[in-house]
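# Notes for the structure review
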Amino acid sequence: MRYVCDMFKFAHISDIHLGPLPKLTLRELFSKRITGFVNWHRNRRKHLFVNTLDLLLSDLRTREPDHLVITGDLVNLATGIETRLAAEWLETIGDPADTTVVPGNHDAYVRGAHDRSVKAWYPFIIGDEGTRDWDDETKVFPTIRRRGPVAIIGCSTSVATPPFSASGYFSPRQARETVNLLKKAGDEGLFRVVLIHHPPIHGAASSHKRMIGIRRFAAAISTGGAELVLHGHTHLNTVYWLKSQSGQVPVVGIASASQGPGGHKPRAAYNLFTLSGEPGAWNLVCDRYGLTEPGDAVALDHSHRFYGEAVRPMAVPEAARMI
């Protein structure tokens, strides 16, 4: 089937970090969580606000996107109550069929947390293939969801790591399956959007926050083909580029959806992508809406065309830039 798309809109948010932290038991703190607990009280709670998130989502709804994607870090320390509250929060966003989630490193903060998060949020994760074998939750990913002219391919880099580490891992098995999904979606004439939490770019994150398997991911994109990669983790508004069979693929990051004014990181924002056209002649415009400096409103602060008459994706240098 060859899709000709009049218009399809999808929005991207990331790094929700729902707060405040619940009360923790001594048993819960007797782990890596103690470092996150200290970091929350020293830093994150001063800049990550629920009302900022609410303001951002309220504005997003007025744009009426056809789909919403969330690239991880819904919680902070991945306690049981945080995971359940995040599931309840997701239910307030809308129908699970209209929202796609992949987990982040905070969602897999300690051993076993990744599996609990995936199970709790599974209606927002499950792909077209349906329920997988829960004997091995790590094999849930990659997933594929077809929505109109778009194939949304969800990958997971979320693994439990030692204290003071926030790295991610993209496995050989997941790479192979991602290539297969990308090729299949390409054969179907779909616009392929890959979701991943960690930026799959060398130097995009510090060494203790990097993604292990970056070359593997780049090879999967190059071999399978893709039109867009979306990630979180850095809390920054960035654009990078990866090579694929059809040219340069934009790799787009976004600020934390809960970041208030006055911090070192950019204020909360979301990207709204408007897609039209058809395979070989796609048009994609990205509008970023961000929290204003006073922190009491959300406004358009950047627009960029990735595909269309005014853009030559192959001519863009393979480098990163802030947007």
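Values in this document were obtained by computation on a predicted structure and should not be read as measured data. (Residues numbered from 1 in each chain as written. Predicted model: local features only at pLDDT ≥ 70, side-chain atom pairs only at ≥ 80, totals over all residues. Heavy atoms only, no water.)

### Observations regarding the pattern of salt bridges
Rules: For salt bridges, the criterion is a side-chain nitrogen of Lys or Arg within 4 Å of an Asp or Glu carboxyl oxygen. Secondary structure elements follow DSSP: runs of H or I of four or more residues count as helices, runs of E of two or more count as strands, with numbering from the N terminus. Relative accessible area decides the class of each residue, using a 1.4 Å probe on protein chains only: under 20% of the type maximum gives buried, over 50% gives exposed, and in between gives partly exposed.
For the structure on display, the rule yields seven salt bridges. Close ionic contact of Asp128 with Arg147 constitutes a salt bridge, the shortest N to O distance being 3.7 Å. One end of the pair, Asp128, is in the loop between helix H5 (113-120) and strand S4 (143-147); the other, Arg147, is in strand S4, and 19 residues separate them in sequence. By relative accessible area, Asp128 is classed as partly exposed at 38%. A salt bridge links Glu188 to Arg146; the shortest N-O distance between them is 2.8 Å. Taken together, the residues Glu188 in the loop between helix H6 (172-187) and strand S7 (191-195) and Arg146 in strand S4 connect sequence positions 42 residues apart. The exposure class of Glu188 is partly exposed, given its relative accessible area of 21%. Connected via shared salt-bridge partners are Asp128, Arg146, Arg147 and Glu188.

### Description of the nonpolar core
Test applied: To define a nonpolar core, start from buried Ala, Val, Leu, Ile, Met, Phe, Trp, Tyr and Cys residues and group those joined through side-chain atoms within 4.5 Å. Two residues qualify as a contact provided that any one of their heavy atoms is within 4.5 Å of a heavy atom in the partner residue.
Residues Phe10, Ile13, Leu74, Trp89 and Phe191 are the most contacted members of the largest nonpolar core, which totals 59 residues. In this view, Trp89 contacts Ile13, Ile16, Leu18, Leu53, Leu57, Ile70 and Leu74; residues no more than four positions away in its chain are not counted. Counting residues in hydrophobic clusters, the runner-up holds 24 residues, among them Ile144, Ala151, Met211 and Tyr240.

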